[in-house]
Amino acid sequence: MEPLVIDGVALSSRLIVGTGGAPSLEVLDEALRASGTELTTVAVRRYGSGAGGLYALLRERGIRLLPNTAGCRTAHDAVLTAELAREAFGTSWIKLEVVADDTTLLPDPVELLDAAERLVAEGFTVFAYTNDDPVTALRLEQLGVAAVMPLGAPIGTGLGILNPHNIELIVSRASVPVVLDAGLGTASEAALAMELGCDAVLLATAVTRAHDPVRMAAAFRHAVEAGHLAAHAGRIPRRRHARASSETEGMAVL
Ligand SMILES: CC(=O)[C@@H](O)[C@H](O)COP(=O)(O)O
């Protein structure tokens, strides 16, 4: 696979893995290795100061950290969290997540756009988690985010990609990388995301809460690679009627 380049950084894996929900640090370590990921999100507000082991592990494995503003409900909170993360981790990369409520965990587009504008102005490289709405995705891009990250389904639901048409529409108009983020349940859905034209996939729950996180992480790694290959291999058009796979012209008549 050709690398995914964001903000001048080349990532050879197109799978971004979140760390939330893993049963132990040991399992998480194995799963991250099986996934082949080079970029991992960490929810700054949820981990707080008890995350020393996790940060050490990521450093040891050479996995880049993408701090996440998970848990923020307002642009004000998200900007503050991003500023703290930049201070603490020495990175201006931020996954911007501003959700409307705890029941749906759906992005609040008003607060999200406000936060994105402020963070871009402050020099952050913003990875914006958003609804699967092509209009919001375009607005985020116009504000200068580095990547738009439409959801497949609400966080943690495992429902897969609820609106493939919208994802395709977002991809077709985007000139920044599109990362399918959240809601996936199993590997084939990651392959579909890539086949729809996404540049990468971000997930947490499907791996960290799987019966066998390590095996599932490996499955997602292969699925993302397969989907990316397929997306660039030129799919055959869908046909209404059957067509023999071998041509009949010149065939001997018996
Ligand atoms: C890891 C992370 O950043 C999550 O907030 C993300 O949205 C993942 O969602 P799933 O847990 O549904 O994969």
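Residues numbered from 1 in each chain as written. Predicted model: local features only at pLDDT ≥ 70, side-chain atom pairs only at ≥ 80, totals over all residues. Heavy atoms only, no water.

- Per an unreviewed UniProt entry, the chain goes by the name Thiazole synthase and belongs to Microbacterium barkeri.
- UniProt, in its Subunit (unreviewed entry) section for the chain, records the words "Homotetramer. Forms heterodimers with either ThiH or ThiS."
- For the chain, the Catalytic activity (unreviewed entry) comment in UniProt is given as "[ThiS sulfur-carrier protein]-C-terminal-Gly-aminoethanethioate + 2-iminoacetate + 1-deoxy-D-xylulose 5-phosphate = [ThiS sulfur-carrier protein]-C-terminal Gly-Gly + 2-[(2R,5Z)-2-carboxy-4-methylthiazol-5(2H)-ylidene]ethyl phosphate + 2 H2O + H(+)". (UniProt positions renumbered as here; feature names shortened; annotations may be inferred.)

1. What about the packing of aromatic side chains?
Piece 1. Tallied over the entire structure, the rule returns 2 aromatic pairs.
Piece 2. Seen in terms of ring centroids, Trp93 and Phe127 are 5.1 Å apart; in terms of plane orientation they differ by 45 degrees. Their pairing is tilted. You can see Trp93 sitting in strand β6 (residues 93-96) and its partner Phe127 sitting in strand β7 (residues 125-130), a full 34 residues away along the chain. Phe127 carries the same exposure label as Trp93, and that label is buried.
Piece 3. Directly above the ring of Phe124 sits Arg86, whose terminal nitrogen or CZ lies 3.9 Å from the centroid.
Piece 4. A cation over an aromatic ring shows up here: Lys95 above the ring of Tyr129, its NZ or CZ 4.9 Å from the ring centre. (Phe/Tyr/Trp six-rings, centres within 6.5 Å; stacked < 30°, edge-to-face > 60°. Helix = DSSP H or I, 4+ residues; strand = E, 2+ residues; numbered from the N terminus. Buried < 20%, exposed > 50% of the residue type's maximum accessible area, 1.4 Å probe, protein only. Lys NZ or Arg CZ within 6 Å of the ring centre and 35° of its normal.)

2. Brief notes about the nonpolar core
Piece 1. Leu96, Val201 and Phe220 are the most contacted members of the largest nonpolar core, which totals 60 residues.
Piece 2. Not counting chain neighbours up to four residues away, the residues in contact with Leu96 comprise Thr69, Ala78, Leu112, Ala115, Ala116, Leu119, Val126, Phe127, Ala128 and Tyr129.
Piece 3. Within the second largest apolar cluster, 13 residues are counted, among which are Ile6, Phe127, Ala147 and Ala200. (Core = buried A, V, L, I, M, F, W, Y, C linked by side-chain atoms within 4.5 Å. Contact = heavy atoms within 4.5 Å.)

3. Some remarks on helix α10 (residues 213-231)
One turn of the α-helix equals 3.6 residues, which is why residues spaced by three or four share an orientation.
Piece 1. Its 19 residues place the ends of α10 26 Å apart at the C-alpha level, agreeing with the 27 Å of an ideal helix rising 1.5 Å per residue.
Piece 2. Buried within α10 we find Pro213, Met216, Ala217, Phe220, Ala223, Val224, Gly227 and His228. On an axial view of α10, the arc spanned by its buried residues comes to 125 degrees, and they lie on one face. Among the exposed residues of α10, those pointing more than 90 degrees away from its buried face are Arg215, His222 and Leu229.
Piece 3. Those residues of α10 hidden inside the fold are in contact with β3 (15-18), α1 (25-35), α8 (187-195), β10 (200-203) and α9 (205-208). (Expected span 1.5 Å × (residues − 1). Arc of directions from axis to C-beta.)

4. Regarding the environment of Leu113
Piece 1. With respect to the secondary-structure elements, Leu113 resides in helix α5 (residues 109-121).
Piece 2. Each residue touching Leu113, except ones within four places of it in the same chain, is listed here: Thr136, Arg139, Leu140 and Leu143.

5. Considering the packing of α5 against helix α6 (residues 134-143)
Piece 1. Between α5 and α6, the shortest axis-to-axis distance is 9 Å and the interhelical angle comes to 15 degrees. The orientation of α5 relative to α6 falls into the category roughly parallel. As for how α5 packs across α6, the hand of that crossing is right-handed. Of the residues in α6, those touching α5 at Pro109, Leu112, Leu113, Ala116, Glu117 and Val120 are Thr136, Arg139, Leu140 and Leu143.
Piece 2. Of the residues assigned to the contact of α5 with α6, the class counts are 7 nonpolar, 1 polar and 2 charged. (Axes fitted to C-alpha atoms, helices over the stretch in contact; angles between N-to-C directions. Parallel < 35°, antiparallel > 145°, perpendicular 65-115°, else oblique. Left-handed = near helix turned anticlockwise from the far one by under 90°. Nonpolar A, V, L, I, M, F, W, Y, C, P; charged D, E, K, R; others polar.)

6. So, empty space enclosed by the protein
Piece 1. Inspection of every chain in the model, using the stated rule, returns 1 cavity of 30 Å³ or more.
Piece 2. Put simply, the largest cavity is a space of about 50 Å³.
Piece 3. Taken together, Pro134, Ala137, Leu138, Glu141, Val148, Leu169, Ile170, Arg173 and Ala174 make up the lining of the largest cavity.
Piece 4. Put simply, the parts of the chain that give the lining of the largest cavity at least two residues each are α6 and α7 (164-173).
Piece 5. If you tally residues by element for the lining of the largest cavity, the top one is α6, at 4 residues. (1 Å grid on protein atoms, 1.4 Å probe; cavity = no way out; pocket = protein on both sides within 12 Å on 5 of 7 lines; lining within 4 Å. Points joined across faces, edges and corners; volume = space filled by probe spheres on them.)

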